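Each chain, written out:
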Amino acid sequence: TLPELVPVAISNLPATAEVLCTIYTTVPQFSGAYVSDTLISLAKIPASVTRLPGVIGTKIQLRLLLPALTKASAAILSQSGSVGCVTETLSAALKEVPSRDIVAQVTPLTGIFTSLLSLRDTSPTSFDRDSEDQVINCFIALVYKLTEKDFLPLLMSLLEWSEESVDRSVTFFNLTTQLSAKLQGLFLLFAGSIFVSLVKKLEDLKSDSKDKGFENKKRKKSAVDVVGEMEGFCLSTLFNILKHDTTHTFLTSDRFDTVLPVLLDLVGSTELSSLLPALTELPIAANNPRLWKQFNFQLLSRAKSPDVRTRQDVVSLYLEF
């Protein structure tokens, strides 16, 4: 019987993976109770060893699968295990399930993703960037199934969640970097909702306010590392937004006036290779002679800085135009 067979098969993974695949394929309606234990065991072995996560994701109904994924995620994260089996299972499910069924389960899905995206915050000693990228790729698979109306509240929920810690903010802007690269021009529908937060993070990265922006935060690694990652993801997100603003409708005069001084304050205090793409794309996206003049005037004013590196960076920037 299943209650006798399945626990034994789970305890003998990965040798019994094909047995479990057969069970989940032939009697999925009776196998849901074993999903969480299966995934917890799979987290201890390389995901590439078996096709079991994909089978579970495609055979178990989403309404039964999500509670099991929630339970498995909590257990795996508490043990600092690999969440690859969870993301692989969920990705397989999202590709198979109709959009209407996914929309009906947005609340539990949000809970799962906020848990999985908390890797930096909850498992700092065992954090793996590849695992975070797997979670983000899975999230993007979800986004593809949602309408603008359904996705915007989810994005705002994640933005609010990210404000709880610096590590969460870094993860959030890693997500927006990858999401804006995948969605391209479609991301502009949501970019306005994160613009203020993005500019605020860049303001915190100014050389004269790094400590202020990151004070009273429970960091698990050095402030230099956190600042470097935050800077890279924020600037990459901004570049993707500006690059795909081909209709010149996103970058209004007000937004231009808001972000320009923040970017220029980073000249001389951050790696030019990180700043260059966003800063050079800014006047292109503006597509306005008045704003071009403003850009040139403010950039040239930085050439009067007493700091040698700032003056050199200004010259380097002009050589790129």
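Residues numbered from 1 in each chain as written. Predicted model: local features only at pLDDT ≥ 70, side-chain atom pairs only at ≥ 80, totals over all residues. Heavy atoms only, no water.

So, on to the nonpolar core. Soluble globular proteins tend to pack their nonpolar side chains together in the buried interior. The biggest cluster of nonpolar side chains holds 107 residues, and the ones touching the most others in it are F139 and L202. Not counting residues within four places of it along the chain, the set of residues in contact with L202 comprises C234, L235, L238, V262, L263 and L266. (Core = buried A, V, L, I, M, F, W, Y, C linked by side-chain atoms within 4.5 Å. Buried < 20%, exposed > 50% of the residue type's maximum accessible area, 1.4 Å probe, protein only. Contact = heavy atoms within 4.5 Å.)

This model, assessed by the stated rule, comprises nine salt bridges. E132 is paired through a salt bridge with R120; the nearest N and O atoms lie 2.8 Å apart. Highlighted residues: E132 in helix α10 (residues 129-143) and R120 in helix α9 (residues 119-122), separated in sequence by twelve residues. You can call R120 buried: its relative accessible area is 4%. Three or more residues joined by partner-sharing salt bridges are found here, namely R120, E132 and E229. (Salt bridge = Lys/Arg side-chain N within 4 Å of Asp/Glu carboxyl O. Helix = DSSP H or I, 4+ residues; strand = E, 2+ residues; numbered from the N terminus.)

A separate point is the packing of aromatic side chains. Counted under the stated rule, the structure contains five aromatic pairs. Judged by centre distance (6.2 Å) and plane angle (55°), the ring pair of F139 and F151 falls under tilted. A residue pair is termed long-range when its members are at least 10 positions apart, and F139 in helix α10 and F151 in helix α11 (residues 148-162) qualify at twelve residues. For F139, a relative accessible area of 0% corresponds to the buried category. The buried category is assigned to F151, whose relative accessible area is 1%. Seen from their ring centres, F172 and F173 are 5.2 Å apart, and the 85° between their planes marks the pair as edge-to-face. Classification of F172 by relative accessible area gives buried; the value is 1%. (Phe/Tyr/Trp six-rings, centres within 6.5 Å; stacked < 30°, edge-to-face > 60°.)

Here we come to the packing of helix α5 (residues 62-78) against helix α6 (residues 84-96). Where α5 meets α6, the closest approach of the two axes is 10 Å, and the angle between their N-to-C directions is 165°. Overall, the two elements α5 and α6 adopt an arrangement that is roughly antiparallel. Seen from above, α5 lies across α6 with left-handed handedness. Mapping the contact onto sequence places L62, L65, L66, L69, S73 and I76 in α5 and C85, V86, T89, L90 and A93 in α6. (Axes fitted to C-alpha atoms, helices over the stretch in contact; angles between N-to-C directions. Parallel < 35°, antiparallel > 145°, perpendicular 65-115°, else oblique. Left-handed = near helix turned anticlockwise from the far one by under 90°.)

This next bit is on the environment of D245. Within the secondary structure, D245 sits in the loop between α15 (223-243) and α16 (253-264). Remark: the alpha-carbon pair of D245 and G185, spanning 60 residues in sequence, is separated by 6.5 Å. Those residues in contact with D245, other than ones at most four positions away along the chain, are L188, F250, L251 and A285.

For helix α17 (residues 272-286), built from 15 residues, the straight-helix expectation of 21 Å at 1.5 Å per residue is met to within 8% by its first-to-last C-alpha distance of 21 Å. Among the 15 residues in α17, eleven count as buried, and that is most of the element. Within α17, the full set of buried residues consists of L272, L275, L276, A278, L279, T280, E281, L282, P283, A285 and A286. Positioned one or two residues after α17, N287 has a phi angle of 50°, which is positive. (Expected span 1.5 Å × (residues − 1).)

What follows is about unusual backbone geometry. In this chain, L13 is followed by P14 through a cis amide linkage whose omega measures 5°. On the secondary structure map, P14 appears in the loop between α1 (2-11) and α2 (17-26). For Q184, which is not glycine, the phi dihedral falls at a positive 55°. As for its placement among the helices and strands, Q184 is situated in the loop between α12 (166-183) and α13 (188-204). You can call Q184 partly exposed: its relative accessible area is 42%. One non-glycine residue with positive phi stands out, namely H248, at about 55°.

Let's shift gears to the packing of α5 against helix α8 (residues 106-116). How two helices pack is summed up by the angle between their axes together with the distance between the axes. Packing of α5 against α8 brings their axes to within 10 Å, and their N-to-C directions diverge by 15°. By the criterion of interaxial angle, the relationship of α5 to α8 is roughly parallel. Seen along the crossing, α5 lies across α8 with a hand that is left-handed. Along its contact with α5, which presents L66, L69, T70, S73 and L77, the element α8 presents P108, L109, I112, S115 and L116. Class assignment of the residues belonging to the contact of α5 with α8 gives a composition of seven nonpolar, three polar and no charged. (Nonpolar A, V, L, I, M, F, W, Y, C, P; charged D, E, K, R; others polar.)

Mean pLDDT over the protein works out to 90, with 93% of the residues at or above the 70 mark. Long-range and interchain partners of residues 215-220, a stretch whose pLDDT sits below 50, account for eight contacts in this model, where long-range means more than four residues apart. (pLDDT = per-residue confidence, 0-100.)

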